[in-house]
Amino acid sequence: MSILVIAEHDNASLNASTLSTLAAAAQIGGDVTVLVAGHNAGAVVTEAQAASGVSKVLVADDAALADGLAENISALVVEIASNFSHVLTAASNFGKNFMPRVAAKLDMMQVSDIVEVVTADTFVRPIYAGNALMTVKSKDSVKLITVRSTAFDAVAETGGSASTEELAFGEAFAGTSFVSRDVTVSERPELATARIVVSGGRGVGSKEQFTIIDDLAEKLGAAVGASRAAVDSGYAPNDCQVGQTGKVVAPDIYFAIGISGAIQHQAGMRESKIIVAINKDDEAPIFQIADYGIVADLFDVVPELMAKL
Amino acid sequence: MKVLVAVKRVVDYNVRIRVKSDGSGVDTDNVVMSMNPFDENGLEEALRMKQAGIATEVIAVSVGGEKSQDTLRSALAMGADRAILIKADEAPEPLGIAKLLAKIVEQEDPQVAILGKQAIDDDSNQTGQMLAALLDWPQGTFASNAEFDGDAINLTRETDAGLETIKINLPAVITTDLRLNDPRLPKLPDIMKAKKKPIDIVEASSFGIDLSPRLEVVGVAAPAEREPGIIVADAAELVEKLKEAGAL
């Protein structure tokens with residue numbers, strides 16, 4: 001088995017999701033190569049070399065690879081995929097964007113968002129917002145896989161001493177160009193990997209009142225999340241959305257505050273170790289999956305909670 | 001320009017699905033079905049393009065069984081000009097669907113194909129990107145805004161870190177995120193009118209594409225239930241419980 005893992009990064013540092021993808025690769029078993037496709041991403045290469053279990057890092061450096069455009073990344077991966085038995089990447093926005101393009105170019109079927117490796121060709125993936133788990137066996141000669149990061153514990157950041165090899169990039173795709181990026185700046189930990197997540201929903205009521213969620217998160221050193229309703233209403237930015245079509249999180253403690261808990265939201269947080277729900281509606285579905293629930297007005301409970309912490 | 005919009009008939013998003021006891025799949029008998037929510041956003045965007053004078057014709061296409069005609073009727077009621085059903089009794093995988101849609105693109109020559117970013121049944125999030133790959137078109141995925149500028153689109157995408165804008169030249173594939181627009185509700189006269197609009201039906205097998213699955217479904221299981229929790233009186237008791245559990 002020889003496994004290629006496509007690194008996710010911003011040219012400055014390796015995204016933690018790549019360490020979880022490496023854990024899935026380790027479960028499949030075999031020689032692991034990481035591809036760092038970017039521009040002036042030397043620091044990322046160094047991190048990838050040090051990651052546990054990596055034997056080689058392929059480095060493709062080109063201005064056309066700087067912004068993660070799917071057309072360019074996929075062209076590069078298509079060139080080398082047949083040298084490997086598996087190609088893995090995180091089921092993040094980055095991975096979801098380019099991997100199906102690789103699959104179609106190779107006339108293969110991708111296995112999306114795996115949560116378990118059964119054997120080298122058989123994987124478990126959630127369907128219907130995680131309300132069912134499907135086990136599939138891939139018959140393609142190269143297994144193209146995106147990995148749900150929260151389902152695999154990250155490998156160690158250190159311990160590896162992989163060699164590097166330059167990989168030439170061909171022509172940039174003519175029809176697509178990067179224009180700009182508007183990154184949400186937050187002093188809070190990253191939502192996808194935080195130990196504690198504090199999420200607010202429609203019940204918070206307004207963007208101004210959403211500061212109560214931010215304040216509790218700050219007190220707990222937690223990341224801020226939100227339900228789709230809260231994001232649609234403009235209380236929180238889109239990258240905070242937890243759910244079937246947003247981010248999937250599995251922290252040690254998940255606070256669902258003013259969130260009713262539609263199945264689409266549960267899909268993004270039901271694997272959390274402890275779920276705390278605060279909602280004044282005692283029939284809110286969130287209470288069915290909460291370990292600890294408080295039926296009360298969040299504007300009474302949250303300040304009390306902050307005082308006790 | 002013509003715009004092609006792919007729509008899928010799926011179990012309605014409000015339905016709590018049940019896994020079949022024999023582990024062969026999910027029970028879809030006698031449950032409410034509707035158009036995949038992301039596809040409604042796709043159709044709405046195409047209709048707005050027509051209202052803005054950018055699009056001349058909006059064609060809805062679906063791959064599925066006979067009953068997918070219901071979904072296409074909904075699309076016609078929202079305002080699509082005509083519809084195409086690619087009839088396939090066994091639902092093809094995303095790769096097969098992308099190949100079928102590529103054939104329709106060849107026939108119809110649209111400048112834009114709009115798809116939902118994912119279907120809420122199999123959650124694959126693949127078909128749009130695959131269609132773009134097969135056509136060698138640019139892809140603007142997870143779109144929350146699309147501004148047409150001559151023969152290009154300035155497209156804003158929702159990413160894990162925030163928002164990103166890319167410029168993609170036509171022809172192109174767009175996949176939608178939920179914040180792209182608010183899909184309209186069809187009015188009764190439109191629903192009546194939709195009954196007279198044409199739906200072309202073509203057999204998936206007529207395209208000469210190998211649609212046999214590449215992924216063998218070994219089984220489908222329900223996820224583990226969470227242990228029932230408790231209701232606590234107040235913040236003080238909550239903190240106490242969290243400390244007992246070693247979480248704080």
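Predicted model only: the values in this text are computed from it and were never measured.

Turning next to the sheet that holds strand β16 (residues 292-295) of chain A. Spatial strand order, β13(A)-β12(A)-β14(A)-β15(A)-β16(A)-β13(B): six strands in an open sheet with parallel pairing. Both edges of this open sheet fall to β13 (223-226) of chain A together with β13 (230-231) of chain B, since each of them pairs with a single strand only. Examined bridge by bridge, strand β15 (residues 274-279) of chain A and β16(A) share four bridges and lie parallel to one another. Note on β16(A): the bridge partner recorded for A:Ile278 is A:Ile294. In the packing of helix α5 (residues 211-220) of chain A onto the sheet, contacts are made with β12 (196-200), β13 and β14 (253-257) of chain A, and the angle to β12(A) comes to roughly 170°.

The next point concerns the side chain of B:Thr71. Residue and element names in this part refer to chain B. On the secondary structure map, Thr-71 appears in helix α2 (residues 68-78). Taking relative accessible area as the criterion, Thr-71 reaches 4% and is therefore assigned buried. Beyond its immediate chain neighbours, meaning those up to four positions away, Thr-71 contacts Val-7, Lys-8, Arg-9 and Met-35.

Moving on to α5(A). Residue and element names in this part refer to chain A. The complete set of buried residues in α5 reads Ile-212, Ile-213, Leu-216, Ala-217 and Leu-220. Take α5 and look down its axis: the buried residues cluster within an arc of 135°, on one side only. Turning to α5, the residues buried within the fold contact β12, β13, β14 and α9 (298-308). Following α5 by one or two positions, Gly-221 adopts a phi angle in the positive range, close to 65°.

This part takes up the domain arrangement of chain A. How big an interface is tends to be reported as the loss of accessible area on association of its parts. All names here are of chain A. Domains assigned within chain A are domain 1 (2-166) and domain 2 (196-308). Placing the centre of domain 1 and that of domain 2 at their C-alpha centroids yields a distance of 31 Å. Domain 1 puts five residues into the contact, and the matching count from domain 2 is seven residues. Summed over both sides, the interface of domain 1 with domain 2 buries roughly 550 Å², with 53% coming from carbon and sulfur. Our count for the domain 1 to domain 2 interface comes out at zero residue pairs in polar contact (both at pLDDT 80 or more). Of the residues that constitute the side of domain 1 that touches domain 2, the class distribution is two nonpolar, two polar and one charged.

Listed per partner, the contact involves 77 residues of chain B and 85 residues of chain A. Of the roughly 6800 Å² buried where chain B meets chain A, counting both sides, 54% is carbon and sulfur surface. Linking chain B with chain A are seven salt bridges, by the criterion used here. In this structure, the salt-bridge partner of A:Asp232 is B:Arg179, at a minimum N-O distance of 2.8 Å. Inspection of the chain B/chain A interface yields 50 residue pairs in polar contact (both at pLDDT 80 or more). Of all the secondary-structure elements, those providing two or more residues to the side of chain B that touches chain A are α3 (94-108), α4 (127-135), β7 (139-149), β8 (152-159), β9 (162-169), β12 (215-221), β13 and α6 (235-244) of chain B. The greatest single-element share of the side of chain B that touches chain A, amounting to eight residues, is contributed by β9(B). Grouping the constituent residues of the side of chain B that touches chain A by class yields 43 nonpolar, 15 polar and 19 charged. The sheet contact formed by β16(A) and β13(B) spans two bridges and is parallel. The residue of β13(B) that forms the bridge with A:Gly293 is B:Ile231.

Cut-off values and rules
Residues numbered from 1 in each chain as written. Chains lettered and ligands numbered in written order. Predicted model: local features only at pLDDT ≥ 70, side-chain atom pairs only at ≥ 80, totals over all residues. Heavy atoms only, no water. Pairing = 2+ DSSP bridges. Helix = DSSP H or I, 4+ residues; strand = E, 2+ residues; numbered from the N terminus. Contact = heavy atoms within 4.5 Å. Axes fitted to C-alpha atoms, helices over the stretch in contact; angles between N-to-C directions. Buried < 20%, exposed > 50% of the residue type's maximum accessible area, 1.4 Å probe, protein only. Arc of directions from axis to C-beta. Domains from an automatic or database assignment. Buried area = accessible area lost by both parts, 1.4 Å probe. Polar contact = N/O pair within 3.5 Å; in protein donor to acceptor, adjacent residues only side chain to side chain. Nonpolar A, V, L, I, M, F, W, Y, C, P; charged D, E, K, R; others polar. Salt bridge = Lys/Arg side-chain N within 4 Å of Asp/Glu carboxyl O.

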